[in-house]
Protein chains: 2
Amino acid sequence: MAQGRAAAFLAVGSELLRTERLDTNSLFAARVLARCGFALVEKRIVEDDVAAIAAAIVDLLRRAELVVVSGGLGPTADDVTREGAARALGRGATRNDALLDRLAARYRRLARQMPPIVARMAEVVDGAEVLENPLGTAPGQLLEADGRTVVLLPGVPREFEEILTVHLLPRWAAPAGVLVRSLRLAGVYESPVEQRVSPLYDRFGRERITILGGRALVTLVLTTSGTRAREELAEMERAFTAVAGDDLFGFDDDTLPGVVVAKLRERGWHLATAESCTGGLVGAQLTAVPGASDVYVGGVVAYSNALKASLTGVDAALLAAHGAVSREVAEAMAQGACALGAECALAVTGVAGPAGGSAEKPVGTVHLAVATPAGQAHARHHFPGDRAAVREFSATFALDLLRRRLGGAP
Amino acid sequence: MAQGRAAAFLAVGSELLRTERLDTNSLFAARVLARCGFALVEKRIVEDDVAAIAAAIVDLLRRAELVVVSGGLGPTADDVTREGAARALGRGATRNDALLDRLAARYRRLARQMPPIVARMAEVVDGAEVLENPLGTAPGQLLEADGRTVVLLPGVPREFEEILTVHLLPRWAAPAGVLVRSLRLAGVYESPVEQRVSPLYDRFGRERITILGGRALVTLVLTTSGTRAREELAEMERAFTAVAGDDLFGFDDDTLPGVVVAKLRERGWHLATAESCTGGLVGAQLTAVPGASDVYVGGVVAYSNALKASLTGVDAALLAAHGAVSREVAEAMAQGACALGAECALAVTGVAGPAGGSAEKPVGTVHLAVATPAGQAHARHHFPGDRAAVREFSATFALDLLRRRLGGAP
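From a predicted model like this one, the values you see are computed outputs, not experimental measurements.

Rules of the game
Residues numbered from 1 in each chain as written. Chains lettered and ligands numbered in written order. Predicted model: local features only at pLDDT ≥ 70, side-chain atom pairs only at ≥ 80, totals over all residues. Pairing = 2+ DSSP bridges. Helix = DSSP H or I, 4+ residues; strand = E, 2+ residues; numbered from the N terminus. Axes fitted to C-alpha atoms, helices over the stretch in contact; angles between N-to-C directions. Contact = placed C-beta atoms within 7 Å. Core = buried A, V, L, I, M, F, W, Y, C linked by C-beta atoms within 7 Å. Buried ≥ 20, exposed ≤ 12 C-beta atoms within 10 Å, placed from the backbone. Nonpolar A, V, L, I, M, F, W, Y, C, P; charged D, E, K, R; others polar. Least-squares fit on C-alpha atoms with pLDDT ≥ 70 in both. Parallel < 35°, antiparallel > 145°, perpendicular 65-115°, else oblique. Right-handed = clockwise from strand over helix to strand, strands pointing away. Domains from an automatic or database assignment.

**Q** What should I look at first to understand the sheet that holds strand β15 (residues 344–350) of chain A in this one?
**A** Strand pairs in the sheet, formed through backbone hydrogen bonds, run parallel or antiparallel to each other. All names here are of chain A. Spatial strand order, β14-β13-β15-β16-β17: 5 strands in an open sheet with mixed pairing. What marks the edges here is a single partner per strand, and that holds for β14 (296–301) and β17 (375–382). Going from strand to strand, the sheet's axes swing by 10 degrees on average, the running direction of each strand aside. Pairing of β15 with strand β16 (residues 365–372) involves 6 bridges; the strand directions are antiparallel. Across the sheet, the residue bridging to Ala 345 is Ala 371, located in β16. Strands in contact with helix α14 (residues 387–406) are β15, β16 and β17; relative to β16, the strand with the most contacts, it is inclined by about 25 degrees.

**Q** Before we go on, may I ask you to explain the nonpolar core in this structure?
**A** Generally speaking, soluble globular proteins have nonpolar side chains that are buried together. Grouped together as the largest cluster of nonpolar side chains are 259 residues, with contacts concentrated most on A:Ala334, A:Ala345, B:Ala334 and B:Ala345. Setting aside its immediate chain neighbours within four residues, A:Ala345 contacts A:Leu271, A:Ala272, A:Thr273, A:Ala274, A:Ala334, A:Ala337, A:Cys338 and A:Ala371.

**Q** Got a minute to help me understand the interface of chain A and chain B in this structure?
**A** Interfaces are often sized by the accessible area lost when the parts come together. Taken together, the contacts link 22 residues of chain A with 22 residues of chain B. Contributing elements (two or more residues each) for the side of chain A that touches chain B: α1 (25–35) and β2 (38–46) of chain A. Taken together, the residues of the side of chain A that touches chain B sort by class into 11 nonpolar, 3 polar and 8 charged. Relative to strand β2 (residues 38–46) of chain B, β2(A) runs antiparallel, the two sharing 5 bridges.

**Q** Explain the relation of the copies chain A and chain B here, please?
**A** One copy of the chain maps onto the other through a rotation about an axis followed by a shift along the same axis. Mapping chain A onto chain B leaves a residual RMSD of 0.1 Å; the transformation is a rotation of 179 degrees accompanied by 0.0 Å of translation along its axis. In symmetry terms, the pair is related by a two-fold rotation axis. Taking the C-alpha atom as reference, chain A places A:Arg44 closest to the rotation axis, 2.2 Å from it. Here 100% of the interface residues in chain A have copies in chain B that are interface residues too; the copies meet face to matching face.

**Q** Help me out: how do you make sense of the packing of α1(A) against helix α5 (residues 157–173) of chain A in this one?
**A** In a packed pair of helices, the relevant descriptors are the angle between the two axes and the axis-to-axis distance. Residues and elements named next belong to chain A. Contact geometry of α1 with α5 gives a least axis separation of 10 Å together with a crossing angle of 10 degrees. Comparing their axes, α5 and α1 come out roughly parallel. The residues of α5 that touch α1, namely those facing Asn 25, Phe 28, Ala 29, Val 32 and Arg 35, are Pro 157, Phe 160, Glu 161, Leu 164, Leu 169 and Ala 173. A class-by-class count of the residues in the contact of α1 with α5 yields 8 nonpolar, 1 polar and 2 charged.

**Q** How do you make sense of the pairing of β14(A) when you look at a structure like this?
**A** Residue and element names in this part refer to chain A. Pairing analysis gives 5 bridges linking strand β13 (residues 271–275) to β14, with the strands arranged parallel. Along β14, the bridge assignment pairs Thr 273 with Gly 299. Considered for its hand, the β-α-β crossover made up of β13, helix α10 (residues 281–287) and β14 is right-handed.

**Q** Sorry, what's going on with the sheet that holds strand β9 (residues 178–186) of chain A here?
**A** Residues and elements named next belong to chain A. Taken together, 4 strands build an open sheet; the order of strands is β10-β11-β9-β12 and the sheet is antiparallel. Two strands bound the open sheet, and with one partner strand each, they are β10 (209–213) and β12 (248–251). Put simply, the sheet's adjacent strands are angled 20 degrees from each other on average, direction ignored. Taken together, the 3 bridges between β9 and β12 define a ladder with antiparallel strand orientation. Bridge assignment links Leu 185 to a residue of β12, and that residue is Leu 248. α5 rests against β9, β10 and β11 (217–225) of the sheet, and its axis sits at about 15 degrees to β11.

**Q** Any chance you could explain the domain arrangement of chain A here in plain terms?
**A** All names here are of chain A. Here chain A is partitioned into domain 1 (5–170), domain 2 (177–251) and domain 3 (256–406). Computed over C-alpha atoms only, the centres of domain 1 and domain 3 are separated by 30 Å. Taken residue by residue, the interface counts 10 residues in domain 1 and 11 residues in domain 3. Those elements giving two or more residues to the side of domain 1 that touches domain 3 turn out to be α4 (97–109) and α5.

**Q** I would appreciate a short explanation of the environment of B:Thr219 in the present structure.
**A** Residue and element names in this part refer to chain B. Relative to the elements of secondary structure, Thr 219 occurs in strand β11 (residues 217–225). Thr 219 gets classed as buried once you count the C-beta atoms within 10 Å, which come to 25. Counting along the chain gives 29 residues from Thr 219 to Leu 248, while the straight-line C-alpha distance between them is 9.3 Å. When near neighbours in sequence (up to four residues on either side) are disregarded, Thr 219 contacts Thr 165, Ser 182, Arg 184 and Leu 212.

**Q** Any chance you could explain unusual backbone geometry here in plain terms?
**A** Most of the time, phi is negative for any residue but glycine, and the peptide bond is trans. A cis geometry characterises the amide bond from A:Gly353 onward to A:Pro354, with omega recorded as 5 degrees. With a phi close to 50 degrees, A:Asp252 is a non-glycine residue in the positive phi region. Here A:Asp252 is to be found in the loop between β12 and α9 (256–267). In this structure A:Asp252 comes out as partly exposed when scored by C-beta crowding, with 15 C-beta atoms within 10 Å. Within the chain, B:Asp146 stands out as a residue other than glycine whose phi angle is a positive 50 degrees. The exposure class assigned to B:Asp146 is exposed, which follows from the 8 C-beta atoms found within 10 Å.

Right, here's the structure in full:
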C-alpha cells in the first residue's frame, strides 16, 4: 500500500497508553522518513516493559527495513528500551566509558553531583553506533542487523526531532547523486516560514523543498540532483538564506545551543542563566555542547519567589508589584544572573501550566530577558501546547533571543 | 504494568500513518475502558490491508482480553476491517439481510439511490453482534472468541464515541452490584462542564464520577455500589441533573438526534434541513433514528451559492451583502427550508476549512439557524479543530439548538 521503502515506528511509554497523552513524534518521523524515501507501514505504542519492547521490535523488523523507536532511554528503572532492543537482536549491552566520561563531564560543568543511575544512559547495545544528543543527556543508538536498521531515540520531542534532523536526515536523504542542504531557523513557527518560502516553490520545484517544523525549530531541507546539482544547490541556498533572514541560525548539523556557545566564545563573553519555568532546561541544553564550560558559568533555577529574591536579588516589591511572570522580573533576574560573574545573562519566567494561569497571564505566557554588553532584549510570548511544549518553546526562544543579540552571520 | 484487565487498541487507516493525522480515538477509548476496569497495554496503527489487520488482531488477542478496533468499516474497497477480523478469527462473513434492509430504508427516507457498494456495510462477521450506529451508516460489530472480545467500530470520532458510550459502556461498566447512570449533555465543551460539576466531587466522591468529553457531546458517568446503591444513585442523578441544566438532553443510551425526533413527534411538527458546510451530516444523523420519517421531511444540501439561491431561495443580494457564512443567510436558508413543507427548519452555513477562512470569518466560523412555530434561534460559533471536527461540531450544535427551541424536559 505504502509508497517507498517500508519503515515502522515504535513509541515506548506507559503514559502514552493512558487517557491524556498521544505520541506525536511519529508525525515528525513520518515527515523525515518521507523526505528520505521511506513510508511508515505501522505504528505501535507499548508499555515500559522489556518483553513488550523486544517483541515489538522483532515483529516490526519483519515488516520494515527501518524501525524508529522513541522513548525509554532515560536513566530510571522504567527506561528499558536499551534492554528491549538488545533482547530483540540477541545482543548484550556494555557500559561505554567514553560516553560515561561525557556524561560525567556534563555534570561537572553544571557543578552537580552525577546521580549513580545516570550511568544507565551510558549502556550501549553491542555493536550500536552512538548518536549524540545535542539537546539533552540521553544519546540515541543506531543498530544494524541483517541489512535492517533499528534507531533508538529519546522521547522528548525536541531531542527526538533534533537527532533525526542533524544525524539521520543527512545520512538517509542522500542516495548517490543527490545533494542535501539544511537551513536551520529558530524563533519562528512553521506556518509563517512556509508562507515566506512558498514564492520560491515555482522557481526551484516544490518537490525539492521540505519544511520540517518541530516543537520550536524549523528546518528547510533543500535537495538537488543531476549534472548541475552543486550549482543549483548553491543557488537555492542563496535564495532561501535571503528569505530566512535573521531567523537562520545555522546549516545542516548546527544546533542552536552550539551556535550560541560559538558566538559567545568569539566575543570572549561568558553567560549565566536564571531560569524559572524552564527549571534548568536552558542550562541543560547549553551544557550538552562540548566545551560549553569555556563560556557558560552556570546559573540559578529560581522556581519559587523566595529563591528569585535570594538567588537573583529580585526585589520583593518588584515581585509584588508586577508578579513573577513579568518583564520587570525577567529583566531583574537577568541582571541578578550577570552579578554571578558573567558579561551576559539569560532569564526565563513564565506560566508553564497546567495550573497557575489567569485571564491576564494565561498558561503559556513567558517573559524572556537577555543582557549583554551589546545591549539588552526582552520578549513576551504566549506559547501553545501543554506544559512540556511551553517549556521547550521557552528554552529555544530564550537561546534564540540571545543568539540574535550576539549578532553576526550564521 | 497496567492496572486492570488488559485491553488493546487497533486503529486501521493508511491516512493515520502519514505526516498529518494522528489517531485520537484511542484517548476516548482509554477513558471508557478505564471507567470499565480495563487498561490499554498496547496500541497499533496499521494500513488498510486485510493481512495487516488480521495479523494485528491475532497478536493483540494474545496480549489482551479485549481488542477495540477503530476504522475501516465504510463501504469502499479500502474498508477491509470486516475481512481482517474474519480472517483473524478464522470465520466467514455473511450479508445480514435485516441490516441491509435498514440501510436501504435509510436511503429511501433520504429519497436517495443506495449505491451498490453500501451493501458491503451489511457484511457481518459470522457470530458477531451488530452494534447499531446512532449517528451514521456503518454499524459496529462485537465478536466473542475463546472468552475474549473484539469490537469493530467506525473510525469517525463521533460515531466511535457514540457507540462506545451508548452500547458498550453500560455493558462493561457494571460488574455485579455496581449501578451506572449516564447523563448526556450537548451544546457544551468538556472543560466548563468539569468546572461546573467539580463542587460535587467532595460530596459524592471523585472516583464515582467520570466525564467523557467527546468531539461534541459530554457524558457524565455516575456509579454507585453497596447496600444504598439505588438511593445514592438517585441522589447523585438529582444533583448532577440540576448542575447540567438545559445542557442535559438525555440519559444512558439516549442520542441527540433520537431526542430531537421524539420531541418533534410529541409536538406533531415536521422538520426540514438546509445544510451547507455539513453537506448532509445533519440529515444523515436524523435519518439514522428509526422512524425519523414520521417527522423529518428531508432537506437540501446547498453547498454552492447558486444552490443556496435556487434551492432555499436565498436572495442573491443578501448573499452579496453578508456573504454565505452569515446570520442573515443562515436565517434565510431556514426560512427556505420551511417552505419545503415543514413547521420547523434547521440551517447550517460555515467555513469548515482548511481553505476559505478570512480574518473576519476564520476557519471554524459557523452560523446556525433554527425556525419553529415556537420561535426562532440563531447561534454563531467558532469551532476548534480540523475540517472533520468543525463539521461534527456543526451538526451536533445545530441539532442541539433545535432541541433547546423545542423545549421540554429530557
